[in-house]
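# Breakdown of the fold
Listed here are the chains, written in short residue letters.
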Amino acid sequence: MTSDRKKISSAYKEALNEYKSKRRALKFADTEIGAFPEKNKLTIAVLGHSYTVYDTFLNMELTKKLNKFGANVVTLDMLDYMVSKDSCKDLDKQFFWDYGTRAYGGTIQLIKSGRIDGILALTSFGCGVDSFVDELVENKIRKESDIPFMKLVLDEHSAEAGFLTRLEAFIDMIVRRRNNDFYISTSGKHLYNC
């Protein structure tokens, strides 16, 4: 710690530049992740508050697990906030919470991108905002796309084995659906209709 104003100003500017650099690297633009995905690589969007999405202890290393399954991960921070905000104009009333705007508007961006194979909503059990926003997000996904959606609820009783089983089943369903999308059963119905 120091009281030297020049050192404080220099440290602040350096931190701000680093922050801006990291934010630019996260952007989900056409020149970034998803425009030319690796062949057979999935792209999974993870919706949630920053403290659940980026805290590896809370989310049991979700991003690492998805990467091990061969999936790219997209988060709300990678999306354009102003586009998310503008996308919420179809609602009768705007969200009071910033997270609601980011999640609902971000979902619309993800649906329109056509580059998402699945969407996971990572939510905390006791969060009232999540229960409301997740319901709107899920309804939007179900009405306007066929993107697989799953909600993962975290609380103090969350066991990694059950978490991993649900995650593996979700990824497996997406992969099977991708590989067998045009496979028609003898009854004439798609086998993997989500």
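Keep in mind the model is a prediction, meaning the values are calculated, not measured. As a convention, each chain's residues are numbered from 1 in the sequence order in which they are written. Predicted model: local features are reported for residues with pLDDT of at least 70 only, side-chain atom pairs are reported and counted for 80 or more only, and whole-chain, interface and lining totals are derived from all residues. No hydrogens and no water enter the side-chain calculation; it runs on all heavy atoms of the structure.

### Details of the environment of Val 153
What counts as a helix is a DSSP run of H or I of at least four residues, what counts as a strand is a run of E of at least two, and both are numbered from the N terminus. Mapped onto the secondary structure, Val 153 falls in strand β4 (residues 149-154). Residues Val 153 and Thr 123, spaced 30 residues apart in sequence, show a C-alpha to C-alpha distance of 4.9 Å.

### A closer look at the sheet that holds strand β1 (residues 42-47)
By the convention used here, strands pair only if DSSP detects at least 2 bridges between them. A sheet is described by the order of its strands in space; here four strands give the open sequence β2-β1-β3-β4, paired in parallel fashion. The strands lining the two open edges of the sheet, one partner per strand, are β2 (71-75) and β4. Each strand axis lies, on average, 25° off the axis of its neighbour in the sheet, ignoring direction. The sheet contact formed by β1 and β2 spans five bridges and is parallel. Note on β2: the bridge partner recorded for Thr 43 is Asn 72. Strand contacts of helix α5 (residues 98-113): β1, β2 and β3 (118-124), with the helix running at about 160° to β1, the strand carrying the most contacts. We call two residues in contact when some of their heavy atoms are within 4.5 Å. Where helices are involved, their axes are fitted lines through C-alpha atoms of the stretch in contact, as for all axes, and angles between N-to-C directions lie from 0 to 180°. Where helix α7 (residues 160-179) meets the sheet, it contacts β1, β3 and β4, and its direction lies at approximately 170° from that of β4.

### Section: the pattern of salt bridges
For salt bridges, the criterion is a side-chain nitrogen of Lys or Arg within 4 Å of an Asp or Glu carboxyl oxygen. This model, assessed by the stated rule, comprises six salt bridges. Lys 64 is the salt-bridge partner of Glu 61, the closest N and O atoms lying 3.8 Å from each other. Note that Arg 142 and Glu 138 form a salt bridge whose closest N and O atoms lie 3.2 Å from each other. With Arg 142 and Glu 138 both in helix α6 (residues 128-144) and four residues apart, this pair spans about one turn of that helix. Accessibility here uses a 1.4 Å probe with only protein chains present; expressed as a share of the type maximum, an area under 20% marks a residue as buried, one over 50% as exposed, and anything in between as partly exposed. By relative accessible area, which is 21% here, Glu 138 ends up partly exposed.

### Side note on the side chain of Arg 102
Tracing the chain through its elements places Arg 102 in helix α5. Arg 102 gets classed as buried once you look at its relative accessible area, which sits at 16%. At 2.6 Å, the side chain of Arg 102 forms a polar contact with the side chain of Asp 77. Any pair of nitrogen or oxygen atoms within 3.5 Å is treated as a polar contact; in protein, a donor-acceptor pairing is required on top of that, and neighbouring residues in sequence qualify only through side-chain atoms on both sides.

### A few points about α7
Side chains that are three or four residues apart share a direction in an α-helix, a result of its 3.6 residues per turn. The span expected for a helix works out to 1.5 Å for each residue beyond the first. With 20 residues, α7 should cover 28 Å at 1.5 Å per step; its first-to-last C-alpha distance of 28 Å lies within 8% of that length. Looking at α7, one finds that the buried residues are Phe 163, Leu 167, Phe 170, Ile 171, Ile 174 and Arg 177. Taken down its axis, α7 places every buried residue within 130° of arc, on the same side. Facing away from the buried side of α7 by over 90 degrees, the exposed positions are Ala 161 and Asn 179. Against β1, α3 (62-68), β3 and β4 lie the buried residues of α7. Think of it as the arc spanned by the lines of direction from the helix axis to the C-beta atoms.

### Brief notes about the nonpolar core
Side-chain atoms within 4.5 Å link the members of a nonpolar core, which is a set of buried Ala, Val, Leu, Ile, Met, Phe, Trp, Tyr and Cys residues. Core analysis: the largest hydrophobic core is formed by 19 residues, its most contacted members being Ile 44, Val 46, Leu 62, Leu 66, Leu 120, Leu 152 and Phe 163. Mapped by element, the contributors of at least two residues to this core are β1, α3, β2, β3, β4 and α7. With five residues, the single largest contributor to this core is α7. Contacts of Leu 152, omitting those with residues within four sequence positions, involve Leu 62, Leu 120, Ala 121, Leu 122, Thr 123, Phe 163, Arg 166 and Leu 167.

### So, the confidence of the model for the protein chain
Within the protein chain, residue pLDDT values average 76, and 76% of them lie at 70 or more. Values of pLDDT, the confidence the predictor places in each residue, fall between 0 and 100. Predicted confidence for residues 28-36 stays below pLDDT 50, and this span has 21 contacts to residues more than four positions away or in other chains.

### Observations concerning the environment of Thr 52
Mapped onto the elements, Thr 52 comes out in helix α2 (residues 50-53). Thr 52 gets classed as buried once you look at its relative accessible area, which sits at 1%. For the pair Thr 52 and Leu 154, spaced 102 residues apart in the sequence, the C-alpha separation amounts to 8.6 Å. Sequence-distant contacts of Thr 52, defined by excluding residues within four places in its chain, comprise Asn 59, Leu 122, Ser 124 and Leu 154.

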